[in-house]
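An overview of the molecular structure
Spelled out from the first residue to the last, the chains are:
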Amino acid sequence: MNPYDASQANPKREATQPAAMYPAIASLAWREWVRFVRQPNRVIGALGQPILFWLLFGSGFSDSMRVNEKSVGGVDYSIYFFPGTLVLILLFTAIFATISIIEDRREGFLQGVLTSPAPRLAMVLGKLIGGTLIAVAQASIFLLLGALTRVPLPWTGVLLTIPALFVLGLALTAIGFTMAWRLDSTQGFHALMSVFLLPMWLLSGAFFQAGDSVVGWIVRLNPLTYGVALVRHLLYWGADAATLQQVMPDKLPSFGLSLGITAAFVIGTCGLAWLTAGRRSAGDLL
């Protein structure tokens, strides 16, 4: 029997998969939390740096953006940049969470999970859900900080934004999972994140609105653009008309379009992570 042949599965192992799936998901997600609390530097890196970006860029670019209000739709730049900072926190947390896949492979933990009765889908979901919950927790802290400052956030919008952050965090974590699964170098993983995920965020409408240039069309084709727009819509849900006129950019994708593309984005990225983990590789024991 070829140990790398997926068609020659062990029937006893397959029979125990449904019963072992949910405890495996919970255990792997809990393990992500345990690793997180034992590494306080991750809190500083994933939460502190985006806060500095928001404070420095918001104050530094505010005068420039007042000169060219079309780039942010006439909105105060620190307010305009706030939803993008929330997504940036999700992005950094996704990078920190998925790099542990490479470490788990080196330490032998990943091979142990792959030989357990639980299906690979349980491993994928446990990893994604654990990393996403950590990302949402950190983003929620920043969200509360914003609600206590001059950002006019209605509490209804704050509560509605948290599910959207979970969906976006799930998509970003799935992208990191897909990339980390085929890599054996943490340096290569960071390089890949720098040339893929960070530009994806920069061209998501977090810094500026989509114009009529080539860059503007790239922003429109970027699925993360609609995730950021969805967060903008939900952040100010229930606000009065005067507040919406002050905080909402002019050229913003509609709520329905943002919701639909974001849903397709998370389904596609999570499906890709599942398919990637389902393929046999030389690092697997089975």
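Residues numbered from 1 in each chain as written. Predicted model: local features only at pLDDT ≥ 70, side-chain atom pairs only at ≥ 80, totals over all residues. Heavy atoms only, no water.

**A closer look at the overall build of the protein**
From N to C terminus, the protein includes 14 helices and zero strands. For the protein, the N- to C-terminal ordering of α and β elements is α-α-α-α-α-α-α-α-α-α-α-α-α-α. Going through the 286 residues of the protein one by one, you find that 50% of them count as buried. Residue pairs at least 24 apart in sequence account for 79% of intrachain contacts in the protein once pairs closer than 6 positions are excluded. Carbon together with sulfur atoms contributes 69% to the accessible area of the protein, which is approximately 13400 Å² in total. (Helix = DSSP H or I, 4+ residues; strand = E, 2+ residues; numbered from the N terminus. Buried < 20%, exposed > 50% of the residue type's maximum accessible area, 1.4 Å probe, protein only. Contact = heavy atoms within 4.5 Å. Areas by Shrake-Rupley, 256 points an atom, 1.4 Å probe, with all protein chains shown as cover.)

**Section: empty space enclosed by the protein**
Per the counting criterion, the structure on display carries two cavities of 30 Å³ or more. In terms of lining residues, the largest cavity is bounded by Leu 28, Arg 31, Glu 32, Ile 101, Asp 104, Phe 109, Leu 110, Val 113, Met 123, Lys 127, Phe 177 and Trp 181. Contributions of two or more residues to the lining of the largest cavity are made by helix H2 (17-37), helix H6 (100-107), helix H7 (109-114), helix H8 (120-147) and helix H9 (155-181). Of the residues that constitute the lining of the largest cavity, the class distribution is eight nonpolar, no polar and four charged. (1 Å grid on protein atoms, 1.4 Å probe; cavity = no way out; pocket = protein on both sides within 12 Å on 5 of 7 lines; lining within 4 Å. Points joined across faces, edges and corners; volume = space filled by probe spheres on them. Nonpolar A, V, L, I, M, F, W, Y, C, P; charged D, E, K, R; others polar.)

**Brief notes about the layout of surface pockets**
Approximately 220 Å³ is the volume attributed to the second largest pocket. Ala 210, Thr 225, Lys 251, Leu 252 and Pro 253 are the residues nearest the centre of the second largest pocket, which is lined by 18 residues in total. Put simply, the parts of the chain that give the lining of the second largest pocket at least two residues each are helix H10 (186-206), helix H11 (214-221) and helix H12 (223-235). If you tally residues by element for the lining of the second largest pocket, the top one is H12, at five residues. The residue makeup of the lining of the second largest pocket, split by class, is eleven nonpolar, four polar and three charged.

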